Each structure stands twice: as C-alpha cells, then as structure tokens.
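Coordinates in review
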Amino acid sequence: MKDYGKTRLVSYSVAALSLFTRATPIKRRCVKRQIPVRNNGAVAVLLGLVVGTARLASAQYDPLVQFSPSSNPNGLWSYGFISLPLGSPFNLLTLPTIVGTGVNAWVSPSFGGIGVLYNGTATIQTVTDPEDNAIYQPGMLAMHPGPNNEYAIVQFTVPTSGIYTFQGWFEGIDTSGTTTDVHLLVNNVDAAGNSVIGYGTSSERWVAFGPRFYNAGDTLAYAVGSGANGPAFDTTALIYAQILAVPEPSPYALLGLALVPLAVRAGFARKRKAATA
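Conventions we followed
- Numbers given to residues run from 1 along each chain, matching the order in which its sequence is written.
- Residue-level local features of this predicted model are given only where pLDDT is at least 70; pairs of side-chain atoms are given and counted only at 80 or more, and the full residue set underlies all totals for whole chains, interfaces and linings.
- Each side-chain value is derived from all of the structure's non-hydrogen atoms; neither hydrogens nor water enter the calculation.
- Per-residue confidence from the predictor is reported as pLDDT, which spans 0 to 100.
- Strands here mean DSSP runs of E at least two residues long; helices mean DSSP runs of H or I at least four residues long; both are numbered from the N terminus.
- Note on contacts: a residue pair qualifies if any of its non-hydrogen atoms lie within 4.5 Å across the two residues.
- Nitrogen and oxygen atoms within 3.5 Å of one another constitute a polar contact, given that in protein one can donate a hydrogen and the other can accept it, and given that sequence-neighbouring residues count only through two side-chain atoms.
- In short, DSSP must find at least two bridges between two strands for them to pair.
- Throughout, exposure labels follow a simple rule: accessible area from a 1.4 Å probe, protein chains only, divided by the maximum for the residue type, with under 20% read as buried, over 50% as exposed, and the rest as partly exposed.

Summary statistics for the chain give a mean pLDDT of 79 and a share of 69% for residues scoring 70 or more. No element of the chain has a lower mean pLDDT than helix α1 (residues 4-19), which averages 36, and none a higher one than strand β12 (residues 151-157), which averages 98. Confidence over residues 1-38 falls short of pLDDT 50; this stretch has 37 contacts with residues more than four positions distant or in other chains.

Below is the structure:
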C-alpha cells in the first residue's frame with residue numbers, strides 16, 4: 001500500500017529546500033547556490049511545516065478492502081449479529097463458508113439466514129435460494145439479517161483515541177426488492193440510520209456520523225435489519241464504507257504557524273532597512 005504520509009512529507013521537504021536555493025546565470029548556464037538565511041523565524045516556520053507533515057496523513061479503514069474470509073475477529077474488524085432490540089449484545093458469526101459458487105460468508109452455526117458476505121472474485125456472483133435472489137458485483141460486501149430479525153453487523157474497534165468520521169453507502173442487491181433498515185452504531189447504540197427499499201442504484205442510501213472523539217476500544221458498527229416485513233430477500237450491500245481518523249496537527253506544525261507573523265514582520269523590516277540604506 002502506498003504511504004501517502006511519506007509522499008507528502010518528501011514533497012514538502014523538496015518545496016522547502018527550493019526556497020533556500022536560487023539559480024544564478026553564469027556564462028549562459030544556471031548554477032544553483034544556497035541563499036544565506038538570516039531569518040530564524042522563517043527557518044522555524046519551514047521546519048515546523050515539514051516535520052509536522054509527518055503527522056498530517058490520516059488513517060483510513062475500509063471493511064471492503066480489509067475483509068477476511070478466514071479470521072473473525074479480523075484485526076480491527078469483527079463480523080457478527082445482535083438480536084432485537086437494537087443495542088443488544090454483539091455476537092460473533094463463527095462459521096466461515098461459501099455461498100453460491102464463490103461468495104465468502106460468515107454465518108451462524110445455530111441458525112441460518114443471517115450472514116456477512118463478500119464477493120472476492122473477479123466476476124459477478126448470483127446467489128439464489130428460497131430467501132435470496134442477490135447479485136454480487138466483484139469486491140462487494142453485503143449483509144443479510146437473521147430469521148428472527150437479528151441484525152447483521154460489521155464492527156470496527158477504535159485502535160487509538162482520537163477524532164473519527166464514520167460513513168457508508170447501502171444498496172439493496174436482492175432482485176426481488178430489498179426492504180431493510182440500516183444503522184451506524186456507536187458502542188452498540190444507534191447513532192444514525194436510514195431505510196433501503198428496492199433494488200440497485202435507486203435504493204442507495206447514505207448514512208454518516210461524525211466527526212466525533214472516540215476512546216481506544218470504542219466500537220463503530222454497520223448494521224442491517226429486516227425492515228418492516230421480515231428478513232426474506234433482504235440482502236443489502238455496503239457499497240462504500242469508510243472510517244477515517246481525522247489528523248491532528250503536530251506541535252511542530254503549530255509552532256511553525258505561530259511564528260509566521262514574526263517571519264513576515266522580519267521580512268518587512270529588512271526591506272525597509274534596505275530601502276533607507
């Protein structure tokens with residue numbers, strides 16, 4: 001995976017270095033030489049912004065990209081269910097299986113119907129059974145509620161205390177017409193919700209919450225329930241999901257920004273001195 005934080009840090013470092021060099025024409029060619037720096041405030045500004053950039057890259061967590069067909073919990077992600085009412089204790093789905101011809105799923109060994117499902121193949125997968133007529137696009141993550149109206153859950157555990165945003169697009173992928181209620185849960189408490197009705201793009205619903213501060217160990221979960229008419233034909237895809245850690249500026253960056261007025265003032269002072277010399 002590309003490290004965007006390092007890329008940005010190098011970019012700012014190169015930009016900062018260019019401020020201290022200039023091209024001097026010597027016999028029709030340009031030679032770069034260092035410019036003497038006499039403004040300590042400017043140096044502090046540049047150092048603060050360059051070093052501070054190391055902490056400006058935000059962390060992104062995506063359950064579609066980070067899905068595991070073999071581990072549950074899977075790092076920061078867990079696949080499970082909760083019974084009615086919404087907010088009941090979280091339970092892991094403990095049985096990995098294959099649905100149809102190529103859809104990985106986490107299901108319950110105690111009862112059928114409920115599941116967290118992922119099409120990790122490069123082709124469209126169709127799953128047809130007495131309670132499901134779902135079409136899975138490649139790379140699609142979906143959830144199906146349980147036979148007793150249990151909520152299917154994809155849960156994230158906050159790794160470090162900080163500010164996070166929490167968002168997702170839900171879409172009905174059952175060709176019979178999905179009717180589900182979808183939610184974002186914070187520590188198993190409903191924080192935001194919507195209803196998914198129908199099939200395909202016309203059924204898409206956006207749900208978001210935050211930014212908010214969370215402690216390490218707090219849980220953020222995507223939940224899919226059976227809606228108003230029972231769990232049959234209710235496969236709902238999480239076509240886009242992202243939990244984003246909002247970056248905080250480092251002390252060095254803040255120090256550099258605080259010294260900007262001093263650097264500007266010193267620059268004006270030198271110009272006035274040169275003008276009156």
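Okay, the side chain of N119 next. Mapped onto the secondary structure, N119 falls in strand β8 (residues 115-119). Side-chain polar atoms of N119 contact the side chain of T121, separated by 2.6 Å. Those residues within four positions of N119 in sequence are excluded, and the remaining contacts are G102, V103, I124, Q125, Y136, Q137, P138, G139 and M140.

Here we have six strands laid out as an open sheet, ordered β5-β4-β12-β17-β14-β15, and antiparallel in their pairing. Pairing within the sheet leaves two strands with one partner each, and these edge strands are β5 (91-92) and β15 (189-198). The pairing of strand β14 (residues 178-186) with strand β17 (residues 219-225) spans six bridges and is classified as antiparallel. Looking at the pairing, V186 lines up with L220 of β17.

With respect to burial, β12 is a largely interior element, six of its seven residues being buried. Across six bridges, the pairing between strand β4 (residues 77-82) and β12 is antiparallel. Residue pairing in the sheet places Y79 in a bridge with V154 of β12. Note that β12 and β17 share six bridges and pair antiparallel. Paired with Q155 across the strands is A221, a residue of β17.

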